[in-house]
Amino acid sequence: MLAIGVDIGGTKIAAGVVDGAGAILEKLRRRTPAGDPDAIEHAVAEVVADLRGRHDVGAVGVAAAGFVDADAGNVVFAPNLAWRDEPLGEDLTDLMAIPVLVDNDANAAVWAETRYGAARGSEDVVLVTIGTGLGGGVVAGGGLLRGANGFAGELGHVRVVPDGHACGCGNRGCWEQYASGTALVRAARAMAEATSPDCENLLSLAGGDPAAITGPMVTRAARGGDAAAQDLLADLGRWVGEGAASVVSVLDSAVVLVGGGVAEAGDLLLEPARAALRRHLPGRGHRQVPALRAAELGNDAGMIGVADLARRAAG
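What you see is a predicted model, and the numbers here were worked out from it, not measured in a lab. (Residues numbered from 1 in each chain as written. Predicted model: local features only at pLDDT ≥ 70, side-chain atom pairs only at ≥ 80, totals over all residues. Heavy atoms only, no water.)

1. Topic: the pairing of strand S13 (residues 291-294)
We count it as follows: Any two strands between which DSSP finds at least two bridges are classified as paired. Per the convention used, a helix needs a DSSP run of H or I reaching at least four residues, while a strand needs a run of E reaching at least two, with both numbered from the N terminus. Seen with the strands pointing away from the viewer, any crossover whose path from the first strand over the helix to the second strand runs clockwise is right-handed.
Pairing of strand S12 (residues 255-259) with S13 involves four bridges; the strand directions are parallel. Residue pairing in the sheet places Val 258 in a bridge with Ala 294 of S13. In this region the chain leaves S12, passes through helix H8 (residues 267-280) and returns to the parallel neighbour S13; the handedness of that crossover is right-handed.

2. A short note on helix H2 (residues 88-96)
Short version of the rule: Think of it in three bands: residues with accessible area under 20% of the maximum for their type are buried, residues over 50% are exposed, and the middle band is partly exposed, with areas taken using a 1.4 Å probe on protein chains only. Note that the arc is defined by the directions from the helix axis to the C-beta atoms. Pairs of residues are marked as contacts when any of their non-hydrogen atoms sit within 4.5 Å.
For H2, every residue scored as buried is listed here: Leu 88, Gly 89, Leu 92 and Met 96. All buried residues of H2 project into a common sector of 95° when viewed along the axis, lining one side. Across H2 from its buried face, at more than 90 degrees, point the exposed residues Glu 90 and Asp 94. Where H2 is buried, its residues contact strand S1 (2-8), helix H1 (37-52), strand S4 (57-64), strand S6 (74-78), strand S7 (83-86) and strand S8 (100-104). The first or second residue beyond H2 is Ala 97, which carries a positive phi of 55°.

3. Overview of the nonpolar core
Rules: The term nonpolar core refers to a set of buried residues drawn from Ala, Val, Leu, Ile, Met, Phe, Trp, Tyr and Cys, joined through side-chain atoms within 4.5 Å.
Ranked by internal contacts, the top residues of the largest apolar core, which has 40 residues, are Val 128, Leu 202, Val 218 and Val 258. For this core, the secondary structure elements donating two or more residues are strand S9 (125-130), strand S10 (134-140), helix H4 (181-193), helix H5 (200-205), helix H6 (215-223), helix H7 (227-251), S12 and H8. Residue contributions to this core peak at nine residues, all from H7. Val 218 has contacts with Leu 184, Ala 188, Leu 202, Ile 213, Ala 229, Leu 232 and Leu 233, leaving out every residue within four places of it along the chain. Residues Ile 13, Val 44, Val 57 and Val 60 belong to the second largest nonpolar core, which totals 29 residues.

4. Some remarks on the sheet that holds S8
In sheet architecture, strand pairing relies on hydrogen bonds along the backbone and comes in two forms, parallel and antiparallel. Spelled out, the test is: All axes are obtained by fitting lines to C-alpha atoms, using only the stretch in contact for helices, and the reported angles, taken between N-to-C directions, cover 0 to 180 degrees.
A sheet is described by the order of its strands in space; here five strands give the open sequence S3-S2-S1-S4-S8, paired in mixed fashion. Each of the sheet's edge strands pairs with one partner strand only, and the pair in question is strand S3 (24-31) and S8. Across this sheet, the average inter-strand angle for adjacent strands is 20°, counted without regard to direction. Examined bridge by bridge, strand S2 (residues 12-18) and S3 share seven bridges and lie antiparallel to one another. Paired with Lys 12 across the two strands is Arg 31, which belongs to S3. Against the sheet, H2 touches S1, S4 and S8, its axis set at about 150° to S8. The sheet strands contacting helix H9 (residues 301-314) are S1, S2, S3, S4 and S8, and the helix crosses S4 at an angle near 130°.

5. Looking at the environment of Arg 312
Considering the arrangement of structural elements, one finds Arg 312 in helix H9. Among the residues examined, Arg 312 registers a relative accessible area of 47% and is labelled partly exposed. Aside from chain neighbours lying at most four places away, what touches Arg 312 is Trp 111 and Arg 115.

Purely geometric stuff here, so don't read any function into it on its own.
Now the structure itself:
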């Protein structure tokens, strides 16, 4: 059975027709009208109708960033979209005359990586997505870990530094404040503003303006051999590994996947993360250390995963 997966982000809606092997047969994109819930729903319905006009589709799944009650199909809260207790599944089902499954985007992504990507064959997987913030999803015992309210896997808001940096969730010291693209940029700009001679290369890439430094600039400089940029990525990797050790101590996962834009730094980020995971894992020396590797499916993971979840729900 073919299924359509739709991934709704803060700036774009990506939709694709996915077959039973996880391959995308056709993909479309639309701009996300982020401030208008009704407009988002109609944009999703239009892109799905476009794809259904060319493919015999038996299921539709929608992945959304935020707190999602997958059983009810409701987006309870989405920080970057105008959704509050939004009955997205019901609304889209009415618009498109086909049942629509709704799930969290990180849940969909970890499901895709477990079924078709970097964690194939494993039943206990943690996915850490490092972008502007830090997202996560968990597969435990071969199924998605959802929790009592369906909100399990919000790894970015595990507190790692009491009374640390303020977080958008309202708390302080959350993991994403130290292991994210935002944290990387904050550290790079602070170093540059201190007029460190080590930052000359980064400042050159940013046109001499510390405030213009971006995460991709840090990665580019590090890949070119810049020692300061490499140190910045290594610090970020250590935060990733230390946090992963805490998560694994709770879940006993076999595989930790790292995805998101910052993960494009590759081993400049992953090797320090692996070292920190080994160093801080409770019971080290008496247990198998989880494999920590890059996710494979990139920005398509949410689309592929939610299509597969919808296919399974449709039978």
